Number of protein chains: 4
Amino acid sequence: MIRIGLVGAGRIAQVHARTVEAHPTAELTFIADPMEAAVKPLAEKYGVRYSLNPDDVFTDSEVDAVIICSPTPLHVEHILKAAKAGKPALCEKPVAMETAKVEELMESLKGLDYTTMIGFNRRFDPTFARMHKMVEDGVVGKVEQVTIISRDPAAPPKEYIAVSGGIFKDMTIHDFDTARFFLGDIVSVYAVGQNLDPELADTGDFDGAVITLTNSEGAIATITNSRHCSSGYDQRLEVFGDKATINGDNLRSTQVRVSNGEHTDAKDVYLDFFLERYEEAYAHELNEFFAAISENRKPATSIEDGAKALRIAEAAEESARTGKIVYL
Amino acid sequence: MIRIGLVGAGRIAQVHARTVEAHPTAELTFIADPMEAAVKPLAEKYGVRYSLNPDDVFTDSEVDAVIICSPTPLHVEHILKAAKAGKPALCEKPVAMETAKVEELMESLKGLDYTTMIGFNRRFDPTFARMHKMVEDGVVGKVEQVTIISRDPAAPPKEYIAVSGGIFKDMTIHDFDTARFFLGDIVSVYAVGQNLDPELADTGDFDGAVITLTNSEGAIATITNSRHCSSGYDQRLEVFGDKATINGDNLRSTQVRVSNGEHTDAKDVYLDFFLERYEEAYAHELNEFFAAISENRKPATSIEDGAKALRIAEAAEESARTGKIVYL
Amino acid sequence: MIRIGLVGAGRIAQVHARTVEAHPTAELTFIADPMEAAVKPLAEKYGVRYSLNPDDVFTDSEVDAVIICSPTPLHVEHILKAAKAGKPALCEKPVAMETAKVEELMESLKGLDYTTMIGFNRRFDPTFARMHKMVEDGVVGKVEQVTIISRDPAAPPKEYIAVSGGIFKDMTIHDFDTARFFLGDIVSVYAVGQNLDPELADTGDFDGAVITLTNSEGAIATITNSRHCSSGYDQRLEVFGDKATINGDNLRSTQVRVSNGEHTDAKDVYLDFFLERYEEAYAHELNEFFAAISENRKPATSIEDGAKALRIAEAAEESARTGKIVYL
Amino acid sequence: MIRIGLVGAGRIAQVHARTVEAHPTAELTFIADPMEAAVKPLAEKYGVRYSLNPDDVFTDSEVDAVIICSPTPLHVEHILKAAKAGKPALCEKPVAMETAKVEELMESLKGLDYTTMIGFNRRFDPTFARMHKMVEDGVVGKVEQVTIISRDPAAPPKEYIAVSGGIFKDMTIHDFDTARFFLGDIVSVYAVGQNLDPELADTGDFDGAVITLTNSEGAIATITNSRHCSSGYDQRLEVFGDKATINGDNLRSTQVRVSNGEHTDAKDVYLDFFLERYEEAYAHELNEFFAAISENRKPATSIEDGAKALRIAEAAEESARTGKIVYL
């Protein structure tokens, strides 16, 4: 059993705690979060020890590996502490708010034999993972065009947007990773931002965007984002190749269709948000983390992946602000 | 060019007239119907001769073949006249109201070299025809179970029901032919009739029914009928075999899907009724008729097919009235 | 916390054990099964006590409620023991192999204040439950026709069929309950059995069937069964009413569609069998059992429901053997 | 009856000829094309007069209106002749190869009371027209993002590409008009071209492209084009608004779905190309042309529409060649 220490006791930490507890080869042993009101009940729920000092996780002798769910500004510090402590770490995305910070981190990590996985959960979603496998298996042929539609059901509170780093870093970052998942490294970025929601006007952030990415072989990915979507969390992916086109559709809570005098075969609205839509993905992500530890290998998503997605996010922001294409 | 004489000037005659006129190898030359108000404008529309005496069609020297759209009670007489005149005939279903009449007809036809096709248009519907081809091509394997859902958008006027011969002869007759199209000859019939619509109660006819048919090899067809359906003309077919299951879906006027806060991927209601739903089928039916004439061969659907569908309809009526299985 | 004792350690017991362990208001405390090779590892996995004598579950003071997963011939005895011990019981279907046995059981239970739930899991499937809710909410209007397609991916071993009670009791029993879920009590049964699979010929059982059921208001349900289906576990339901038609579709492991030169929008095959297809249903079934206990009320499915489904199964067998309709 | 003269006897002229002949308020009277081998059989098929001199159409006293299907370089000249002759004209897209030519044309037309419609057939496709109506009816709310997927089944011959004006003028021109149909005037254009097909490398043209368009209100349209698609002519449209998302799907020749051990619900490949896919659209386009003539009003698509789509095509070419955004 891999003994897990959790840094953070917020919403995503709670998801991971539950998944760890249900996992056959891992168990939760320790949780640390400065907010006692959050960490105490979570620790009690699973009958594990807790601390108000996150650093304790990295030094605890009964913690084999850590899952870092601290606020983004602390990610770099926590990744480094885990690496120095010789404890494999899974860190939520994004690695940092700026590429420069990630580069500093990578510099600091040089020479250390560390295992760090970045939580790009969508790579582990059964639908997207299956599509990636189909590409690897040659079903699609040469990938030429990737179309990503990614819309949130509703905008987050303005307070969140104020500190989130903006739409490209808090929302599109996942889509940038998905684009890289299918196209590899990106060489050019063109983004158009939208300010359509008057409620969000004074955040200074975009509430919609379309981004065009190219790789060095001339394949193109388009990402269409919105902070809102009337029918729920809209998460679709199309991969077009010379042999086939494959599509990943939205998930619904049931398989009911309704036909009446107004319409036919009407389905449920989409699963509402990421905890529901990517529930299985989070579990498979942990599977990969635990498997990488057991097999003593690098996990599927690295700090480099985090750095590259972040670099695209910065380029998208620059492109949307200047109206120019940014080359990486 | 095959010169066509039309017996009847009603709704289905108008459909055939238009299709004939648009056909590259046939042309309309003559229409006969005792109702001048119907036949005159139709004849003028296409610039052809007309008569108020249906018999004239069978003797006209410029008529190569006839399409019989007269009322059902006249079908037998008109088929016989066409056969004696040596003119190939396409006759709308049903051949007659009673099997006994069809048997008399077949007796009278003995020794004559006639070409008569019965208008079981659904066999020529692109979707159903393709499914049949798949069965012939072995895609489905051995056919084991056929499921037919067939519902009209709304009940016909009571006056129609009073003379139609009842649901099994006016509506299910098509489904019986579809069952035979996929299963061949039927050996047992069990029908349950429904009287759910109080408006139709005093017609003495059923307004819904479920019929179970078997063939001599143990394959089963179920037919589910209703005189009404909230979302339009509901015409679906499933053929289940040991290698595959194939489904034929309803048609819609557009390919639009709507997603909003209530539902997702909601499609149009179905094409409303048979003239719309089977528009292509009617055209392909005429193609087959004209092709059979040109190639001097028997058409795909014969008087025998009409007789057998009618025999099943009678058995269904008997079964629904007595609560007993009827063996053919 | 409701402390659960499990009778049986087989496949379905393992499903329930896992669900109980993950449940917030229940916990597993005891497992009994005469097969040490089965019960010991299961008990060890969850760190609970075990016994080779099933009767121990009913007398154990730390067991609040029992889940009966013993072989069908023992169900009646175990239900009675739980009732006498004052422990609420969830018993897998069918209650018994013959209606007579269930009637004896109900006689014996008279005067006892017992809580027994029968495991008709499909009522708790999110798709079917939602459809039932729609009917209750008036979305469908008056229910007129119910169409159930229910096909297993592959036939069970002959050894299983030899003791299963036959297709109607081991497989269709669920569909009979689904029909009752939507139509209430059934008054007539007509069944046609099929013997299409030569491999199963010497079992004397049917390997396919179509059953027509009616209720006292003239609504009809048809059930189409097969022991095999090329594309997996085929579980579909259509409820047709005067206001709407609602359909419940099959489940798949991903939402991928593939389009190429052969076909378009091709989806995954169906989830293979009942443990996968009804995984959520099993969990919701336990929710209902625990909720009924907590709220001190009768659970949603009763011994009477079990008895009635069994009675229909016997009627179907009789109908298929004699070729006659059976009235209940 | 509106008497129609046809300029050109090629593939699209044949489509129009057939539609005119079947139309209740129009009839074909004259065809002109310098290629006798093309014009003679077409004229004979419909029993109309013909000439080898296109100019004869504009002077013929029995021609009320003309349909211009001549090669693109002749469009401007023919539109002008029709306008001067006082004959309403429907001209195939594009109006010309360069915006400058169209501007000259519009200059020449000043002061004339002419009726010219440009054949942007997709606006008349039942699916796209219905989507546009939904937008007008407020179903979608404010339109924010339009996603157009438009892929040909296979690349045209190199000889065609050499004179076609390139992908943006021969193929995307339709998509630019669709974008304008939903977003109105476009203010910025960013295009990325692809050269993925080695067979087409020496044409100097792109064989795939992604174009991002914005309007003055900040709405965005993306167009994804390819010269090839394994599953046929891929023509999809999504319109996302704050109240609903609506999608227009591909058309197929039947409604068959196939489920077997490999996949489920696999549908037919798409209708292969524009004559099949937009067959109904061509008919509705003529309806609009004839209706505009009868009602003495401007048709739905004007030379200005043609000019604006062409201007976007030129901007896209410039953007794809320079890697810069082009503002209109």
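Refer to the preceding data block for the structure.
The structure displayed is predicted, hence computed values, not measured ones.

**Q** Tell me what's going on with the overall build of chain A, and back it up with residues and numbers.
**A** When helices and strands are tallied, chain A shows 12 helices and 15 strands. Across its three principal axes, chain A shows a C-alpha extent of roughly 60 × 50 × 45 Å. Counting all 328 residues of chain A, 63% fall into the buried class. Counted over contacts in chain A with a minimum sequence separation of 6, partners at least 24 positions apart contribute 70%. By element, 51% of the accessible surface of chain A is carried by carbon and sulfur atoms, the whole surface being about 12200 Å². Averaged over its 34 positive side-chain charges, chain A has a centre that lies 2 Å from the centre of its 52 negative ones.

**Q** How would you explain the interface of chain C and chain B if you had to name every residue and give the values?
**A** Tallying the contact residues gives 38 residues for chain C and 38 residues for chain B. Looking at the side of chain C facing chain B, the largest losses of area belong to Q145, Y190 and L196 of chain C, adding up to 18% of the total buried there. At the boundary of chain C with chain B, the tally comes to 4 salt bridges. Across the salt bridge formed by E238 of chain B and R236 of chain C, the nearest N and O atoms sit 2.7 Å from each other. Viewed at the interface, chain B and chain C are joined by 19 residue pairs in polar contact (both at pLDDT 80 or more). Secondary structure elements with two or more residues in the side of chain C that touches chain B: β7 (143-151), β8 (186-194), β9 (208-215), β10 (220-226), β11 (234-241) and β12 (245-248) of chain C. Looking at the side of chain C that touches chain B residue by residue, the class counts come to 13 nonpolar, 16 polar and 9 charged.

**Q** Explain the sheet that holds strand β3 (residues 49-51) of chain B residue by residue, including any values.
**A** Through backbone hydrogen bonds, the strands of a sheet pair up, either in parallel or in antiparallel fashion. Residue and element names in this part refer to chain B. Ordered by their spatial adjacency, 6 strands build an open sheet running β3-β2-β1-β4-β5-β6, and the pairing between neighbours is parallel. Across the chains shown, the open sheet's two edge strands, defined by having one partner strand only, are β3 and β6 (116-118). Taken over all neighbouring pairs, the strand axes of this sheet differ in orientation by 25° on average, direction set aside. By the bridge criterion, 3 bridges tie strand β2 (residues 26-32) to β3 in an arrangement that is parallel. Each bridged residue has a counterpart across the sheet, and for F30 the counterpart in β3 is R49. Relative to β2, helix α1 (residues 11-22) is tilted by about 150°, and along the sheet it contacts β1 (2-7), β2 and β4 (65-68). Along the sheet, helix α4 (residues 75-84) contacts β1, β4, β5 (89-91) and β6; its crossing angle with β4, the most-contacted strand, is approximately 175°.

**Q** So what's going on with the interface of chain A and chain D? Residues and values would help.
**A** It is common to give the size of an interface as the accessible area that goes away when the parts come together. At the interface, 38 residues of chain A touch 38 residues of chain D. Together, the buried faces of chain A and chain D total about 2800 Å²; carbon and sulfur atoms form 54% of this surface. When residues of chain A are sorted by the area they lose upon contact with chain D, Q145, Y190 and L196 of chain A head the list and together hold 18% of the total. Residues R151 of chain D and E238 of chain A are paired through a salt bridge, measuring 2.8 Å at the closest nitrogen-oxygen approach. Our count for the contact surface shared by chain A and chain D stands at 19 residue pairs in polar contact (both at pLDDT 80 or more). For the side of chain A that touches chain D, the secondary structure elements donating two or more residues are β7 (143-151), β8 (186-194), β9 (208-215), β10 (220-226), β11 (234-241) and β12 (244-248) of chain A. The residue inventory of the side of chain A that touches chain D, partitioned by class, reads 13 nonpolar, 16 polar and 9 charged.

**Q** Lay out the packing of aromatic side chains in plain terms, naming residues and giving numbers.
**A** For the coordinates displayed, the defined rule picks out 30 aromatic pairs over all chains. Arranged with centres 5.0 Å apart and planes meeting at 90°, the rings of Y233 of chain B and F273 of chain B form a pair that is edge-to-face. Taken together, the positions of Y233 of chain B in the loop between β10 (220-226) and β11 (234-241) and F273 of chain B in the loop between β14 (266-267) and α10 (274-277) put the pair 40 residues apart, joining distant regions of the chain. Overall, F273 of chain B belongs to the partly exposed group, its relative accessible area being 23%. When the ring of F273 of chain C is compared with that of F274 of chain C, the centres are 4.9 Å apart and the planes differ by 75°; the resulting orientation is edge-to-face. An aromatic cluster of at least three residues, connected via ring pairs, comprises F128, Y233, F273, F274 and Y278 of chain A. Positioned over the ring face of Y114 of chain D is K298 of chain D, at 4.8 Å from the centre of the ring.

**Q** Would you mind going over the relation of the copies chain C and chain B in detail, with residue names and values included?
**A** Rotating chain C by 180° and translating it 0.0 Å along the rotation axis places it on chain B, where the RMSD comes to 0.0 Å. On this basis, the relationship between the two copies can be described by a two-fold rotation axis. In terms of proximity to the rotation axis, the leading residue of chain C is K324 of chain C, whose C-alpha is 3.5 Å off the axis. Mapped onto chain B, 100% of the interface residues of chain C are again interface residues, and the two copies thus contact each other with one and the same surface.

Each value, and the rule that gives it
Residues numbered from 1 in each chain as written. Chains lettered and ligands numbered in written order. Predicted model: local features only at pLDDT ≥ 70, side-chain atom pairs only at ≥ 80, totals over all residues. Heavy atoms only, no water. Helix = DSSP H or I, 4+ residues; strand = E, 2+ residues; numbered from the N terminus. Buried < 20%, exposed > 50% of the residue type's maximum accessible area, 1.4 Å probe, protein only. Contact = heavy atoms within 4.5 Å. Areas by Shrake-Rupley, 256 points an atom, 1.4 Å probe, with all protein chains shown as cover. Lys, Arg positive; Asp, Glu negative; His and termini not counted. Charge placed at Lys NZ, Arg CZ, Asp CG, Glu CD. Buried area = accessible area lost by both parts, 1.4 Å probe. Salt bridge = Lys/Arg side-chain N within 4 Å of Asp/Glu carboxyl O. Polar contact = N/O pair within 3.5 Å; in protein donor to acceptor, adjacent residues only side chain to side chain. Nonpolar A, V, L, I, M, F, W, Y, C, P; charged D, E, K, R; others polar. Pairing = 2+ DSSP bridges. Axes fitted to C-alpha atoms, helices over the stretch in contact; angles between N-to-C directions. Phe/Tyr/Trp six-rings, centres within 6.5 Å; stacked < 30°, edge-to-face > 60°. Lys NZ or Arg CZ within 6 Å of the ring centre and 35° of its normal. Least-squares fit on C-alpha atoms with pLDDT ≥ 70 in both.

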